[in-house]
Amino acid sequence: MLRARRERAMASTMRAPVVTVPRQSGLVLALLSAAAFGASGPFMKPLLEAGWSPVAAVAARAGLAGLVLLVPALMALHGRYRLLLQHARFIVAYGLIAVMGTQVLYFAAIERLPIGVALLIEYSAPVLLVLLAWARTRRAPAAVTILGTLLSIAGLVLVIGPSGLGDLDPLGIAFAAGAAACLACYFLLSATPTEGLPPVVLVCAGLLVGAATLLVIGVTGLLPLTVTLEPVTLLGTDGVPWFVPLAVVVLVSTAFAYLTGLVGAARLGSRVASFVGLSEVLFAVLLSWLLLGEVPTLMQALGGLLVVGGVIAIKLEREKAAVPAPTDALAP
């Protein structure tokens, strides 16, 4: 009997790391993913300042990153190409909204705004979802959700400027608001079941669809498709080859960020991963400060804290509402 207890204790001790290690590694991967996503703006802005148009920048980023992810996507697909046809409409919507719309508008915004300001406005997307649900259902959300919405709106007012737009470019504000609307649509798409379509396949196909659409738009002249091969200024150094920041954005801020984000979310769960994803704003502000010298004002920093706090409150309430009731509570 004593031997049996000892064996059970040893077995439980040996099984413990299996539970904790993946979760710890998932947190590390999620933080790395957020940092990688946050680096896209600071490394892409030198290209935009050198003469690249947002359409060209997103087309290059999405197309090259899609090619990088093509091999793991084909491995995950494992010959089941019919899945691409079954989910063709969803993939096209993902490519046009999550890839093309969000990124083009975000890059257009950081041409005219500090990166931290543009990203904070974009990350107000959960507030848009709350207001949309309120308007459609005509039912007031929970008190925590209303509080989070008010905090985020107050934070945006401080970020933009209490007296109006302040010194910020109005068109840049409009672009960032458009990016927030596209991000809200992306959240709605992400909540849609994909019925067996591997996430890496969806990301790869969406990137390629978005890049192809942007190339068609640029070639037809609907939007400017401008590329310059002149050296850029990066990390305070002049004469840096243009492909250096582009390579960082493609390999680190897109391919690496998506893959680590997918694995991290699988190990952490959607709730924890969504909270960790908010650290992208902090990483973007920090990198913009270190790489570009963009230092937010005290008012903007306070507004940023209110925006992030409001989004956290909204997410907490939505996750609480999504948790099903325990089975024993349903028993007579």
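If you're wondering where the values come from, they're calculated on a predicted model, not measured in any experiment. (Residues numbered from 1 in each chain as written. Predicted model: local features only at pLDDT ≥ 70, side-chain atom pairs only at ≥ 80, totals over all residues. Heavy atoms only, no water.)

Trainee: Describe the overall build of the chain, with residues and values.
Mentor: Counting its regular elements, the chain contains 15 helices and two strands. Expressed as a percentage of the 332 residues in the chain, the buried residues total 42%. (Helix = DSSP H or I, 4+ residues; strand = E, 2+ residues; numbered from the N terminus. Buried < 20%, exposed > 50% of the residue type's maximum accessible area, 1.4 Å probe, protein only.)

Trainee: How would you sum up the nonpolar core? Please name residues and give values.
Mentor: Membership of the largest hydrophobic core comes to 71 residues, with the highest contact counts inside it found for Met44, Tyr106, Phe107 and Leu207. For this core, the leading source of residues is helix α6 (residues 88-110), giving eleven residues. (Core = buried A, V, L, I, M, F, W, Y, C linked by side-chain atoms within 4.5 Å.)

Trainee: Describe the packing of aromatic side chains, listing the residues and the values that go with them.
Mentor: With the rule as written, the count across this model stands at four aromatic pairs. Ring centres of Trp242 and Phe243 lie 5.8 Å apart, and the angle between their planes is 85°; on these two criteria the pair is classed as edge-to-face. A relative accessible area of 48% means that Phe243 is categorised as partly exposed. Among the aromatic side chains, those forming a connected cluster through ring pairs are Trp52, Trp242 and Phe243. (Phe/Tyr/Trp six-rings, centres within 6.5 Å; stacked < 30°, edge-to-face > 60°.)

Trainee: Please set out unusual backbone geometry residue by residue, giving values where relevant.
Mentor: Located in the positive-phi region is His78, a residue other than glycine, with phi close to 55°. One can find His78 in the loop between α4 (70-77) and α5 (82-86). Overall, the relative accessible area of 65% leaves His78 in the exposed class.

Trainee: Requested: an account of the packing of helix α3 (residues 54-68) against α6, with residues and values cited.
Mentor: Here α3 crosses α6 at 130°, and the two axes come no closer than 9 Å. In this view, α3 runs oblique relative to α6, as classed from their interaxial angle. As for how α3 packs across α6, the hand of that crossing is right-handed. On α6, the residues that touch Pro54, Val55, Ala57, Val58, Arg61 and Ala62 of α3 are Val99, Gln103, Val104, Phe107 and Ala108. (Axes fitted to C-alpha atoms, helices over the stretch in contact; angles between N-to-C directions. Parallel < 35°, antiparallel > 145°, perpendicular 65-115°, else oblique. Left-handed = near helix turned anticlockwise from the far one by under 90°. Contact = heavy atoms within 4.5 Å.)

Trainee: Which residues make up the pairing of strand β2 (residues 237-240), and what values do they have?
Mentor: Sheet topology places strand β1 (residues 232-234) next to β2; two bridges connect them, and they run antiparallel. Within the sheet, the bridge partner assigned to Leu234 lies in β2 and is Thr237. The loop that links β1 with its antiparallel partner β2 comprises two residues; one of these, Leu235, has a positive phi angle of about 55°. (Pairing = 2+ DSSP bridges.)

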